[in-house]
Every structure is written in structure tokens, then in C-alpha cells.
Amino acid sequence: MKSDKLTFDELRQKISRLDKIPSVASILRTLLKELDRPPDQVKLDKVVELISSEESMVAKCLHLANSPLFGQAGRVSGIRAAVLLLGVVRLRDVLVSSCLMNAMPKFANGMPATVFWEHSLACALSSRHLAKQIGFPDADKAYLAGLLHDIGQIVNVIYFPEELQRSLAFSGERGVPIEVAEREIMGFTHCETGWVLAQEWSLPPDVQDVILHHHQPERELDHADLTAIVNLADKLCFIGGITYAPVYAMQLDILDEPAWSILLERYPQMQTFDLARLGFELESHFGEVREVVASLFRV
Ligand SMILES: [Fe+2]
Ligand SMILES: [Fe+2]
């Protein structure tokens with residue numbers, strides 16, 4: 001297959017059926033809709049019922065509720081108790097991650113699922129942290145967008161495994177970002193395949209836009225700040241070494257990034273931002289991320 005000759009429409013056609021990706025869509029859609037309500041309006045019975053319908057989710061929820069993170073080691077045995085303990089926001093994080101982890105093959109060539117999820121979770125936490133720091137009004141949306149920004153790699157791992165491996169090698173050898181290597185090798189990037197998947201999964205429109213433009217935040221006009229937040233969080237993860245892309249010598253100055261200028265224009269208080277401190281705070285999240293991913297993958 002000469003995938004480098006695919007046009008965007010052909011790409012869309014080729015993967016639009018997405019029949020090779022495990023069907024997490026319907027349960028994910030329903031869960032997101034339910035958990036997107038204000039916490040006091042979430043119907044716990046409905047959430048408990050949805051979780052109970054998926055064996056792997058039951059296991060992950062119980063495992064996490066009993067993990068040291070919540071200080072209840074071994075004492076939570078029922079799904080209802082786990083739901084109450086985790087709380088709505090944390091529950092959404094766990095469930096969305098768990099649905100998505102089921103969609104990614106565990107032993108994909110060149111892209112181990114644990115490394116991919118460490119990056120996604122770290123970007124989610126960093127996006128939320130940054131959003132809170134600058135006063136972006138929906139820090140939880142930033143978390144969700146950060147978590148999902150690279151879902152195009154799920155499509156690429158399943159549909160274009162050889163091309164993805166060549167792109168990763170190209171990126172490492174030439175010292176160029178992964179999306180530049182993908183464009184060169186495949187003629188499209190994980191931003192575009194992710195966008196197709198995001199539409200198929202009916203993700204919120206702002207999250208769809210972030211997925212499509214997270215490497216070119218200057219192109220996104222409707223949700224510029226959310227896209228810029230995820231772009232910077234992604235870069236901070238890269239600098240912190242929590243990435244699936246080959247790490248190469250790159251002079252990356254956050255203050256020169258287009259995303260930084262976009263945010264600075266809207267949040268002038270960033271002028272006095274302590275970037276070194278932010279990096280230090282994020283580092284402490286990365287340790288937790290590795291623990292959580294390792295623990296979820298054991299289930
Ligand atoms: Fe990306
Ligand atoms: Fe990323």
C-alpha cells in the first residue's frame with residue numbers, strides 16, 4: 001500500500017469504518033455524557049450499572065479504589081463503594097482511560113501501550129495543572145483534552161503499523177518531531193487520524209479541535225486557549241522525558257512557542273509565571289503517573 005499517496009479524504013474513507021478498533025465507543029459515549037453533568041446531578045445508579053456491564057472496568061475501578069492512592073487498601077469490595085470513594089471527576093478519568101487502554105493493543109511494535117498511556121496521562125495532568133495555574137475556566141476539560149490528544153496513534157498502531165515504525169525511526173534519525181516525520185513518511189499525521197476517530201466516537205467538539213490542531217495551535221481559532229494549553233503540556237512532557245516519541249537534541253524554549261504567545265495574550269498574568277517551578281511541580285506528577293499506569297496494566 002502506498003499510504004504516502006493517500007489524500008485526506010481517502011484516509012478518512014479508509015479508516016472511517018474503524019472496524020479493527022475494539023468497540024469502546026458506545027459505553028464511552030454514555031459514560032462521558034453521564035459524568036459530564038455537575039457532580040450533584042450525576043446518576044450514581046446509572047454509572048454503577050454501566051461500569052458493571054464491562055468486566056475489565058469493574059476490575060480497574062476496584063483495583064484503583066484499593067490502591068495506596070486512596071488509603072483504603074483491601075477494604076473496598078463493591079463497585080458502588082468504589083464509585084463513591086473515587087468521586088465523579090477521578091472516576092471519569094479512570095473510566096475514560098480504561099476504555100481507551102482497551103482500544104490500544106498491549107504489544108504494538110515501536111509503541112508499547114504503557115509508554116503511550118504514561119504520556120497521555122502525564123499530558124492530561126499537566127494540562128489540568130497549567131489550566132488551573134493560568135485561570136482557564138474549565139480545568140477538567142483541559143484534563144480530558146490532554147488525555148485524548150494523541151488518540152490518532154491508536155488508529156496508526158492498528159491500521160498503519162509499518163509506516164508508524166518508519167516514522168518513529170525517521171524522527172529519531174533526523175531529529176524532527178514525530179508529526180513532521182509522519183507527514184514525510186505517510187502523507188498524514190496522528191492529528192488527522194485522531195480527528196477521524198474523535199468524530200466516530202462523538203467526542204465533544206472542542207476536544208475534537210484540540211486533537212486535530214494540538215501540534216499547530218496557531219491554526220485553531222475557536223478553542224485557541226484549550227489547544228495552546230495541551231500543546232504546552234505536551235511539550236513539557238517531552239522535555240520531562242515522558243513521551244513515546246524518540247527524544248532528540250532539540251532546543252526547545254517554551255517562551256518562544258506560539259502556544260505561549262496565544263496564552264499570554266489572553267492571560268496577561270502569565271508575564272510573571274514561574275516556569276521553573278511549574279516544571280518542578282509537573283515532575284512530581286510524572287512519578288504518580290508511572291505508578292498508576294503500571295498498576296492499571298497489571299489488572
Ligand atoms: Fe501529538
Ligand atoms: Fe503528545
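Residues numbered from 1 in each chain as written. Chains lettered and ligands numbered in written order. Predicted model: local features only at pLDDT ≥ 70, side-chain atom pairs only at ≥ 80, totals over all residues.

Q: Help me out: how do you make sense of the overall build of the chain in this one?
A: When helices and strands are tallied, the chain shows 16 helices and 0 strands. Burial analysis of the chain (299 residues in total) assigns 44% to the buried set. Taking contacts inside the chain between residues at least 6 apart in sequence as the whole, the part at least 24 apart equals 63%. (Helix = DSSP H or I, 4+ residues; strand = E, 2+ residues; numbered from the N terminus. Buried ≥ 20, exposed ≤ 12 C-beta atoms within 10 Å, placed from the backbone. Contact = placed C-beta atoms within 7 Å.)

Q: Just to check I follow, could you spell out the environment of Ile242 for this structure?
A: Topologically, Ile242 is positioned in the loop between helix 14 (224-239) and helix 15 (258-266). Residue Ile242 is classed as buried on the basis of its C-beta count, with 22 C-beta atoms lying within 10 Å. Separated by 124 residues in the primary sequence, Ile242 and Glu118 place their C-alpha atoms 6.8 Å from one another. When near neighbours in sequence (up to four residues on either side) are disregarded, Ile242 contacts Glu118, His119, Ala122, Cys237, Phe286 and Val289.

Q: Before we go on, may I ask you to explain the environment of Ala139 in this structure?
A: Tracing the backbone shows Ala139 in helix 8 (residues 139-148). Placed 12 residues apart in sequence, Ala139 and Ser127 show a C-alpha to C-alpha distance of 7.7 Å. Setting aside residues up to four positions removed in sequence, Ala139 forms contacts with Arg128, Ala131 and Lys132.

Q: Even after reading the chapter, I still don't get the packing of helix 12 (residues 190-200) against helix 13 (residues 205-213), so can you show me in this structure?
A: One can describe the packing of helix 12 onto helix 13 by two numbers: an axis separation of 7 Å at closest approach and a directional angle of 160°. It follows that helix 12 is roughly antiparallel to helix 13 by the angle criterion. Where helix 12 crosses over helix 13, the handedness of that crossing is right-handed. Between helix 12 and helix 13, the residues in contact are Cys191, Gly194, Trp195, Ala198 and Gln199 and Val207, Gln208, Ile211, Leu212 and His213, respectively. When grouped by side-chain class, the residues that make up the contact of helix 12 with helix 13 number 6 nonpolar, 4 polar and no charged. (Axes fitted to C-alpha atoms, helices over the stretch in contact; angles between N-to-C directions. Parallel < 35°, antiparallel > 145°, perpendicular 65-115°, else oblique. Left-handed = near helix turned anticlockwise from the far one by under 90°. Nonpolar A, V, L, I, M, F, W, Y, C, P; charged D, E, K, R; others polar.)

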